[in-house]
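Given next are the chains, with one letter for each unit.
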Amino acid sequence: MSEVVEGTLYLVPTPIGNLSDMTSRAAEILRDADIVACEDTRHTRILLTHLGIERPVVSYHEHNKKEAGPKLIEALQAGRSVAQVSDAGMPVISDPGADLVKLALAEQIPVVPLPGPNAALTALIASGLDARQFVFVGFLPRTTANRKELLASVKSIPFTLIFYEAPHRLKETLKILREALGDREAVTARELTKKFETFRRGRLSELLDGLSEEAPRGEYVVLVEGFRGEAEEAGPEGSWEEEALELARTLPVKEAARQISAKWNRSRREVYQYLLRETANS
Ligand code: SAM
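**Structural notes on the overall build of the chain**
Thought 1: When helices and strands are counted, the chain shows 12 helices and 10 strands.
Thought 2: Here the C-alpha atoms of the chain give a radius of gyration of 24 Å, more than 25% beyond the 19 Å that 2.2 N^0.38 yields for 282 residues.
Thought 3: Of all 282 residues assigned to the chain, the portion counted as buried reaches 41%.
Thought 4: A fraction of 70% describes how many contacts in the chain between residues 6 or more apart in sequence connect residues 24 or more apart.
Thought 5: Taken as a whole, the chain presents about 15500 Å² of accessible surface, with 51% of it coming from carbon and sulfur.
Thought 6: Taking the average place of the 36 positive charges on the side chains of the chain and the average place of its 42 negative ones, the gap between the two points comes to 4 Å.

Pasting the structure below:
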């Protein structure tokens, strides 16, 4: 017997890459709900076809939510059940759905969430960073002022920070994070649950160094370790450049770069290249 109850809004997570991650309960709700509300009807039809489900789909996304939301509420009030999905992962999490949930709750319409795929948590559990406490930041705001304000507000939080980013902005975002938070330990999680799933771990500067010249491809979650106390903020006295040059007088450049990168949280490659440049003509 179906668990779908009339007049109920179901929030249904869908796979973030691997179609086998659809839970059987989520598939059942999609099969039995009267209406499937989705971000992109073509995208969701592909999923429904894969699951062998035929259901009317209506679009509900950031750009039509003002009109589509009240219509879905009317349908719910008329006793129809609605399953809401986004293109991938959990609806509401950096995806449409939050407004629909608020509208439904304001009308005393039952809202039932289903557990399931989510990129942030999937990345966190294999990141190796502290997963006891974390802050999900999601996409950074586009405007510099808003971005600065947001990063300033999370800078001193001692919990792992989780960001979403589009591939063409990844490099820029890693630079912004390094500037705003310092050269912290970080992880990029790419193409989770897919064939080319890749985790990279290191300081933000090392992750930047490791990116090729071309724009990265695929989907990314970026995780950054939390604030580690006053010591991190104060940093050692002086400048790493001065100290590196001083050390390079008595040590091989490679060894000087190793020591400075450890002490100052800089990437070894950055220090090494700086020393090569600065000592080339001396
Ligand atoms: N609602 C989704 C969730 O629960 O994870 C997130 C949707 S948000 C519009 C899309 C972003 O999530 C991508 O830009 C990327 O940062 C992240 N993402 C989604 N799928 C991913 C995957 N398979 N691997 C890595 N990151 C992914």
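**Focus on the sheet that holds strand 2 (residues 35-38)**
Where strands meet in a sheet, backbone hydrogen bonds hold them as pairs that are either parallel or antiparallel.
Thought 1: With parallel pairing, five strands are arranged side by side in an open sheet as 3-2-4-1-5. Strand pairing shows two members of the sheet lacking a second neighbour, strand 3 (57-59) and strand 5 (111-113), which therefore form its edges. In this sheet, adjacent strand axes meet at a mean angle of 25° when their direction is disregarded.
Thought 2: Sheet topology note: the strand 1 (residues 9-11)/strand 4 (residues 82-84) ladder contains three bridges and is parallel. Its bridge partner lying in strand 4, L11 is registered against Q84.

**Overview of the layout of surface pockets**
Thought 1: Put simply, the largest pocket is a space of about 550 Å³.
Thought 2: Looking at the largest pocket, it is lined by 27 residues, and the ones nearest its centre are A88, A119, F139, Y164 and E219.
Thought 3: Elements with a contribution of two residues or more to the lining of the largest pocket: strand 7 (160-165) and strand 10 (220-224).
Thought 4: For the lining of the largest pocket, the residue count by class is 14 nonpolar, five polar and eight charged.

**Details of the packing of helix 3 (residues 65-77) against helix 4 (residues 98-106)**
Thought 1: Contact geometry of helix 3 with helix 4 gives a least axis separation of 10 Å together with a crossing angle of 40°. On the basis of the axis angle, helix 3 is oblique to helix 4. Pair helix 3 / helix 4 crosses with right-handed handedness. Two secondary-structure elements touch here, helix 3 through K65, G69, P70, L72 and I73 and helix 4 through D99, L100, L103 and A104.
Thought 2: Residue composition of the contact of helix 3 with helix 4, grouped by class: six nonpolar, one polar and two charged.

What counts, and where the lines are drawn
Residues numbered from 1 in each chain as written. Predicted model: local features only at pLDDT ≥ 70, side-chain atom pairs only at ≥ 80, totals over all residues. Heavy atoms only, no water. Helix = DSSP H or I, 4+ residues; strand = E, 2+ residues; numbered from the N terminus. Rg over C-alpha atoms; globule rule 2.2 N^0.38 Å. Buried < 20%, exposed > 50% of the residue type's maximum accessible area, 1.4 Å probe, protein only. Contact = heavy atoms within 4.5 Å. Areas by Shrake-Rupley, 256 points an atom, 1.4 Å probe, with all protein chains shown as cover. Lys, Arg positive; Asp, Glu negative; His and termini not counted. Charge placed at Lys NZ, Arg CZ, Asp CG, Glu CD. Pairing = 2+ DSSP bridges. Axes fitted to C-alpha atoms, helices over the stretch in contact; angles between N-to-C directions. 1 Å grid on protein atoms, 1.4 Å probe; cavity = no way out; pocket = protein on both sides within 12 Å on 5 of 7 lines; lining within 4 Å. Points joined across faces, edges and corners; volume = space filled by probe spheres on them. Nonpolar A, V, L, I, M, F, W, Y, C, P; charged D, E, K, R; others polar. Parallel < 35°, antiparallel > 145°, perpendicular 65-115°, else oblique. Left-handed = near helix turned anticlockwise from the far one by under 90°.

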